[in-house]
Amino acid sequence: MKHMIIRYTIYIFYMFTDYLVINAMIISAYLLYRLLSIGKEIVYSTPELLIASMVSSGLIVLTLVLGRAYDDESSFLNMKEIERVVKGVTVGFLIVGMILVLGRLLISRYVFVFSYALTIIALTGMKMIFFHMLSTDPWLTKIQKRILIYGADPIGENLYRALVNSPRLRIKPVGFIDDHPERMAKKIYENGFHTQKAIRVVGSFSDIPQLIQSMNISAIYVSAHSFSSKKLKQVITRLHQYPVQVILVPDYQGLVSANVHISRIDDIPVLTNFIRPSKGYIWGKRCMDLCLGGLIAVLFILILPVIGLIIKLDSQGPVFFRQIRSGKDNHRFYMYKFRTMVSTANPYETKPETSDDQRITRVGQWLRKTSLDELPQIINVIIGNMSLVGPRPEMPFIVDSYNDEQMERLKIRPGITGLWQLAGDRNKPIHEHMAYDQYYIQNMSFFLDIAILINTLFYACKGR
């Protein structure tokens, strides 16, 4: 009951906050329009502006509700929520626009466009703030459901990391239990690279009664990976004697890849071949690459002389750095970047993992922190070797060692940015943590691409 009250309180809080933010953005868009004095300036009275803003905001929040933007759902880096926010806001503004046209109401197209752009950016920023607050706020972490994970195996470890990346579920893994002696006291890290927080194996089945009491456990998640069918039934039956919720996590990991999608027929889970993106989406994605890429190319041309000059003044060598990478279907191409390392550095050595790497120049440190070193890749996007959003292209000698699962990331065009670039694992090889690319390939959509681009903008502004 307590968790239901908390859930609905947060749900209403999200709706109310979004309503206020959308109102503020619509009013800000009108003030910006007046400040810039563009187009045929249309003046609205304060009551007209407030009524239009409140009604429009209400309709947009309604589309967010219908689009399930406030649902508690697990996804990498909160991408599912942000994707639904972008989609809901877009549909909401289209509905508002249709009402204005059909009602023959006078509205400046600049105010409408500014309102849409500001609302998308503001709501996305708010979702990112809430996402991190849910993960780190001391009060909010206290109201999370505390759980144990039974099985310190690959399924259990992936479940732990998925729950850590899904704070809106308000589920906090506090420890593992496992019956294998060699796993006792084993540490499992949040991101798989031994650089973040970790929890331990705190006991075996016989310790469950004591752990439930001492750790205030509400549920036990059981990984099916470590048990035979007969043993699993016995474990589930015995767990039901304790005053906790028991949740089974099926062993699908060996079957599920970027080519498989999980659906349901009544209560029966069904694995089906993953359907590749439609030709319409691929065509639309290419159009977006060319349109946005063209705008970014203008910025690139404008700042090229300045960045080129400071690179040349800082160290000897060319302004640009190019490197052979493997793209879609393992097609090899030259990828371009601003040079951030000394010209004598081997371009195919292991990339720097820390900012104090001696190969990185002083200007290079700044370019890497602001992500401006990636800007020349807009050339690759316009040529068609890369997309704005997609898996990062790897060097051929690394691709040559890929297994079948890792080769999946070569099925689509590589990108400048993607989920991996927004994650804490970004300083480690992407092919060692395929979950980011798998999620993107399985969920590719226009709105997911927009969500990733907006998130990238925020990350670039604050420095990586």
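Provided above is the structure to which this section pertains.
Residues numbered from 1 in each chain as written. Predicted model: local features only at pLDDT ≥ 70, side-chain atom pairs only at ≥ 80, totals over all residues. Heavy atoms only, no water.

Novice: Give a description of the overall build of the chain that names residues and reports values.
Specialist: When its secondary structure is counted, the chain shows 15 helices and 12 strands. Across the 464 residues in the chain, those meeting the buried criterion constitute 47%. When contacts within the chain are restricted to residue pairs at least 6 apart in sequence, those whose partners lie at least 24 apart make up 72%. As displayed, the chain has an accessible area near 24200 Å², and 63% of this comes from carbon and sulfur atoms. (Helix = DSSP H or I, 4+ residues; strand = E, 2+ residues; numbered from the N terminus. Buried < 20%, exposed > 50% of the residue type's maximum accessible area, 1.4 Å probe, protein only. Contact = heavy atoms within 4.5 Å. Areas by Shrake-Rupley, 256 points an atom, 1.4 Å probe, with all protein chains shown as cover.)

Novice: Could you give an account of the environment of phenylalanine 320, with specific residues and numbers?
Specialist: Among the structural elements, phenylalanine 320 can be located in strand E9 (residues 320–326). Each C-alpha atom, one on phenylalanine 320 and one on arginine 339, is 5.1 Å from the other, the two residues being 19 residues apart in sequence.

Novice: An account of the environment of alanine 24 is requested, with residue identities and associated values reported.
Specialist: With respect to the element layout, alanine 24 can be found in helix H1 (residues 2–36). Placed 33 residues apart in sequence, alanine 24 and serine 57 show a C-alpha to C-alpha distance of 9.5 Å.

Novice: Could you give an account of the sheet that holds strand E3 (residues 187–189), with specific residues and numbers?
Specialist: The strands that make up a sheet pair up through hydrogen bonds in the backbone, lying either parallel or antiparallel. Pairing is mixed across the open sheet formed by 6 strands, whose spatial order is E3-E4-E2-E1-E5-E6. Looking at strand neighbours, the two that pair on one side only are E3 and strand E6 (245–249), the edges of this open sheet. Strand after strand, the sheet turns through a mean of 30 degrees between neighbouring axes, direction not considered. Examined bridge by bridge, strand E5 (residues 219–223) and E6 share 5 bridges and lie parallel to one another. Among the inter-strand pairings, alanine 219 is bridged to a residue of E6, identified as glutamine 245. Most of the contacts of helix H6 (residues 154–164) go to strand E2 (residues 171–177), to which it runs at about 160 degrees, and overall it touches strand E1 (145–150), E2, E3, strand E4 (198–203), E5 and E6. Across the sheet, helix H8 (residues 229–239) is in contact with E1, E5 and E6; its angle to E5 comes to roughly 175 degrees. (Pairing = 2+ DSSP bridges. Axes fitted to C-alpha atoms, helices over the stretch in contact; angles between N-to-C directions.)

Novice: Quick rundown of the packing of helix H2 (residues 46–66) against helix H3 (residues 79–102)? Include the residues and the values.
Specialist: Where H2 contacts H3, the two axes come as close as 8 Å, and the packing angle between them is 135 degrees. With respect to H3, the element H2 is oriented oblique. For the pair H2 and H3, the crossing hand works out as right-handed. Seen from H2, the contacting residues are Ser56, Leu59, Ile60, Thr63 and Leu64; seen from H3, they are Arg84, Val85, Gly88, Val89, Val91, Gly92, Phe93, Ile95, Val96 and Ile99. Here the contact of H2 with H3 is composed, by residue class, of 10 nonpolar, 4 polar and 1 charged. (Parallel < 35°, antiparallel > 145°, perpendicular 65-115°, else oblique. Left-handed = near helix turned anticlockwise from the far one by under 90°. Nonpolar A, V, L, I, M, F, W, Y, C, P; charged D, E, K, R; others polar.)

Novice: An account of the pattern of salt bridges is requested, with residue identities and associated values reported.
Specialist: This structure, assessed with the given rule, holds 15 salt bridges. The partner of glutamate 374 in a salt bridge is lysine 337, with the nearest N and O atoms 4.0 Å apart. On the criterion of sequence distance, the pair formed by glutamate 374 in the loop between helix H10 (362–370) and helix H11 (378–383) and lysine 337 in strand E10 (residues 332–338) is long-range, its members being 37 residues apart. For glutamate 374, a relative accessible area of 13% puts it in the buried group. (Salt bridge = Lys/Arg side-chain N within 4 Å of Asp/Glu carboxyl O.)

Novice: Before we move on, can you summarise the packing of aromatic side chains with the specific residues and values?
Specialist: As enumerated under the stated definition, the model contains 16 aromatic pairs in all. Three or more aromatic residues link up through ring pairs in this structure, and these residues are Tyr150, Phe205, Phe227 and Tyr242. Geometry around tyrosine 334 places arginine 322 over its ring, the cationic atom sitting 3.8 Å from the centre. (Phe/Tyr/Trp six-rings, centres within 6.5 Å; stacked < 30°, edge-to-face > 60°. Lys NZ or Arg CZ within 6 Å of the ring centre and 35° of its normal.)

Novice: I'd like to hear about the state of the cysteines, residue by residue, with values.
Specialist: Within the structure shown, the criterion is met by 0 disulfides. In this structure cysteine 287 is a free cysteine whose sulfur lies 6.2 Å from that of cysteine 291, the closest cysteine sulfur available. Under the relative-accessibility criterion, cysteine 287 is labelled partly exposed at 28%. You can call cysteine 291 exposed: its relative accessible area is 55%. (Disulfide = S-S within 2.5 Å.)

Novice: Break down the nonpolar core for me, with residues and values.
Specialist: With 60 residues, the main nonpolar core has Met79, Val86, Val89, Phe338, Leu419, Tyr440 and Ile452 as its most contacted residues. Take this core: its biggest share by element is 8 residues, from H3. With residues near it in sequence (within four places) discarded, methionine 79 still touches Leu419, Leu422, Tyr439, Leu448, Ala451, Ile452 and Asn455. Ile208, Leu211, Ile217 and Val222 belong to the second-largest nonpolar core, a separate cluster that totals 21 residues. (Core = buried A, V, L, I, M, F, W, Y, C linked by side-chain atoms within 4.5 Å.)

Novice: Tell me about a nonpolar patch on the surface, and name the residues and values.
Specialist: A cluster of nonpolar side chains, namely Leu50, Ile51, Met54 and Val55, defines an oily patch on the protein surface of about 360 Å² accessible area. For valine 55, the position within the fold is in helix H2. (Patch = residues over 30% accessible without salt bridge, like charges linked within 9 Å, V, L, I, M, F, W, Y side chains within 5 Å.)

Novice: A description of the environment of isoleucine 199 should follow, citing residues and the corresponding values.
Specialist: Take isoleucine 199: it is sitting in strand E4. Under the relative-accessibility criterion, isoleucine 199 is labelled buried at 11%. Spatially, the C-alpha atom of isoleucine 199 lies 7.4 Å from that of phenylalanine 176, the residues being 23 residues apart in sequence. Apart from the residues within four sequence positions on either side, isoleucine 199 is in contact with Tyr160, Pro173, Val174, Gly175, Phe176, Lys186, Lys187 and Ile188.

Novice: Go over the pairing of E10, please, and point to the residues and values.
Specialist: Looking at chain direction, E9 and E10 are connected through 7 bridges and run antiparallel. Across the sheet, the residue bridging to phenylalanine 321 is lysine 337, located in E10. Where E9 hands over to E10, the hairpin turn is made up of 5 residues, of which aspartate 329 adopts a positive phi near 60 degrees.

Novice: Tell me about the packing of helix H9 (residues 279–314) against H10, and please be specific about residues and values.
Specialist: Packing of H9 against H10 brings their axes to within 8 Å, and their N-to-C directions diverge by 145 degrees. Facing Ile307, Ile310, Ile311 and Asp314 of H9, the residues of H10 in contact are Arg362, Val363, Trp366 and Leu367. Within the contact of H9 with H10, the residues separate by chemical class into 6 nonpolar, no polar and 2 charged.

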